[in-house]
Amino acid sequence: MARWTNDRWRATRHRVPAPTAGSAAAACGRLSLVYFTGPNPSMPVQCLPSAKCDCENPKYPSITLEENVQAKLLAAQRGAADGA
C-alpha cells in the first residue's frame, strides 16, 4: 500500500491474538485463515498516478512484485532471528 500510494495509505500490521485463557476459544485452539491472490511476479510495484498522491516525487523506487515479496520475507526472517 505504501509503495502504491507514496505513503498516503499504509498497511496495518497483521496479528492474530491468542484467545483469552479459560475461554471456549482457548479450549478449541487457534485457527487463522489467509487468502492471497496470484498476481504476475513481474508486475511493477510503484506509485500509482493520482491527484492525491505525489507520484512526481516517489518515496520508493519501482520494483517488481517478486522483489517486493522477497524483501518482505527477508525482513520477516531477520525479525524472527532477532526475536521480534
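About the thresholds
- Per chain, the residues get numbers from 1 upward, laid out in the order the sequence is written.
- For a predicted model such as this one, the threshold for reporting local features is a pLDDT of at least 70, and the threshold for listing and counting side-chain atom pairs is 80 or more; totals across whole chains, interfaces and linings nevertheless cover every residue.
- Each side-chain value is derived from all of the structure's non-hydrogen atoms; neither hydrogens nor water enter the calculation.
- Throughout this description, the term salt bridge denotes a Lys or Arg side-chain nitrogen within 4 Å of a carboxyl oxygen of Asp or Glu.
- In this scheme, a residue with accessible area under 20% of its type's maximum is buried, one over 50% is exposed, and one in between is partly exposed, where area comes from a 1.4 Å probe on protein chains only.
- Only DSSP runs of H or I reaching four residues or more are called helices, and only runs of E reaching two or more are called strands; each is numbered from the N terminus.

A. Geometry of the pattern of salt bridges. Per the stated rule, a full pass over the model turns up 2 salt bridges. Residue Arg10 is joined to Asp7 by a salt bridge in which the shortest nitrogen-to-oxygen separation is 2.7 Å. Using a relative accessible area of 56% as the deciding quantity, one classes Arg10 as exposed. Judged by its relative accessible area of 21%, Asp7 is partly exposed. For Asp7, the salt bridge identified is with Lys59, shortest N-O distance 3.7 Å. Note that Asp7 is positioned in the loop between helix 1 (2-5) and helix 2 (24-28) and Lys59 in the loop between strand 1 (44-45) and strand 2 (63-64), a separation of 52 residues in sequence. Taken together, the salt bridges that share partners define one network made up of Asp7, Arg10 and Lys59.

Bear in mind that shape data such as this cannot, by itself, settle questions of function.
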